[in-house]
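Now for the letters of each chain:
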Amino acid sequence: MLSALRLLPVLALFGCASAAQPTRTAMSDATPPTGQPAELKIVLVIHGGAGVITREGLTPEIEAQYRAELTRALQTGYAAIQQGKPSLDAVEAAIRVMEDSPLFNAGKGAVLTHEGTAELDASIMDGATLRAGAVAGVKRIQNPIALARLVMEKSPHVMLTGDGAEAFATEQGVALVDPAYFILEKRRLQLKKMQDDEAAGGGHSSLGIEFQERGYSVPDERKWGTVGAVALDHDGHLAAGTSTGGMMNKRFGRVGDSPIIGAGTYADSLCGVSATGHGEFFIRAGVARDIAARMAYLHQSVGDAARDVVMGKLVQMHGDGGVIALDREGHAAMPFNTPGMYRGTIDADGHVTVGIFRE
């Protein structure tokens, strides 16, 4: 059924993506003319964070790793859709791949707090029922997106935090991991750089060179990484999810937009949205819900709604970041107002498209 439906063109200028070849590893910035032949509908869209991501800041080897991991996440989520599973399964499966990768700021690759620990947030939402689940500030959960789904399905609540969320996880049979699981050398170096710069009054260190020599991407404290996915299943139902380690060097139990329904994640019968960026602005703007509301009340397309929020409202607030959005017809939008955003789509025939820069 999915392959019989077609994807209408969406403005690529705003970060939107489509796939027409068996495998593609770039997203064109060309704007298709109105009325051109439609392409295959998108069934899964993902992101791995937006921010100051430049070609100069990624070695070819590291860029290839990101593209490979994005592709693997897309194919894993797509396998669930192919098997007739609901969109929730596809979202969870895709995000788990990125949570288990050290490349992204979620799960295994989470950034570190001021104290040198990892505090993880995640949320998931079922567009067909408006059910949602979220966790925040957890330190021993390998896959926070899976726990967020358990909160949605096995509790009367929407959000659980910290020790309480981990106690609930234990009740549900989720194994807790040693917090050391999340502590990576590259994150220790990033934290040290930020704290050294703070102590020096904002001066710059030589850590960028050190990162390149060790095969890491160059760190940038202005990058707020997150992972997310939005899926459309065979029944036409949408689901969305987001997972993050938050901000590097965060303090006082800070929580961003990723676990907040309506800010970092939202899904209903019209669209699904997952956001990535400076969470304080996304919370204040209610970004994910605003996109859905514009579609419902202003009858905007998913591309126009997402563009107006990310390139208009957020920019006016000086908020950095981007979103992925998918409507019930399979039209995808991925606008971002930062130099780059790790992102990708897969269509009904399994054609993969991934991108990082404004390609």
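Quick look at the structure, then. (Residues numbered from 1 in each chain as written. Predicted model: local features only at pLDDT ≥ 70, side-chain atom pairs only at ≥ 80, totals over all residues. Heavy atoms only, no water.)

This paragraph deals with the overall build of the protein chain. A tally of helices and strands in the protein chain yields nine helices and 15 strands. Relative to its full complement of 359 residues, the protein chain shows a buried share of 59%. The contacts of the protein chain with a sequence gap of at least 6 include a subset with a gap of at least 24, amounting to 70%. When the accessible surface of the protein chain is totalled, it reaches about 13,800 Å², and 53% of it is carbon and sulfur. (Helix = DSSP H or I, 4+ residues; strand = E, 2+ residues; numbered from the N terminus. Buried < 20%, exposed > 50% of the residue type's maximum accessible area, 1.4 Å probe, protein only. Contact = heavy atoms within 4.5 Å. Areas by Shrake-Rupley, 256 points an atom, 1.4 Å probe, with all protein chains shown as cover.)

Here the focus is the sheet that holds strand 13 (residues 332-333). In sheet architecture, strand pairing relies on hydrogen bonds along the backbone and comes in two forms, parallel and antiparallel. The antiparallel open sheet is built from four strands, whose spatial order is 10-11-12-13. For this open sheet the edge positions go to strand 10 (265-267) and strand 13, each flanked by a neighbour on one side alone. Alignment of strand 10 against strand 11 (residues 271-277), held across three bridges, turns out to be antiparallel. When the sheet's bridge partners are listed, Ala267 is paired in strand 11 with Gly272. Contacts from helix 9 (residues 302-317) reach strand 12 (321-327) and strand 13 within the one sheet, and its direction differs from that of strand 12 by about 165°. (Pairing = 2+ DSSP bridges. Axes fitted to C-alpha atoms, helices over the stretch in contact; angles between N-to-C directions.)

Attention shifts here to empty space enclosed by the protein. Using the criterion set out here, one finds two cavities of 30 Å³ or more in the structure. The computed volume of the largest cavity comes to approximately 80 Å³. Lining the largest cavity we find 13 residues, and of these Thr244, Gly246, Arg254, Asp257 and Gly277 sit closest to its centre. Within the lining of the largest cavity, the residues separate by chemical class into two nonpolar, eight polar and three charged. (1 Å grid on protein atoms, 1.4 Å probe; cavity = no way out; pocket = protein on both sides within 12 Å on 5 of 7 lines; lining within 4 Å. Points joined across faces, edges and corners; volume = space filled by probe spheres on them. Nonpolar A, V, L, I, M, F, W, Y, C, P; charged D, E, K, R; others polar.)

Our next topic: the side chain of Ser243. Examined against the element boundaries, Ser243 turns out to sit in strand 9 (residues 238-244). Looking at Ser243, the relative accessible area reads 0%, which means it is buried. Engagement of the side chain of Ser243 in a polar contact is seen with the side chain of Glu99, the distance being 2.6 Å. Ignoring sequence-local partners within four residues, the contact set of Ser243 consists of Ile95, Glu99, Asn105, Ala106, Asp121, Ala122, Pro144, Thr226 and Val227. (Polar contact = N/O pair within 3.5 Å; in protein donor to acceptor, adjacent residues only side chain to side chain.)

Mapped onto the fold, Asp268 is located in the loop between strand 10 and strand 11. Polar contacts involving the side chain of Asp268 include one to the main-chain amide nitrogen of Leu270, which spans 2.8 Å. With near-sequence residues (within four places) excluded, Asp268 lies in contact with Gly127, Leu130, Leu238, Arg289 and Ala292.

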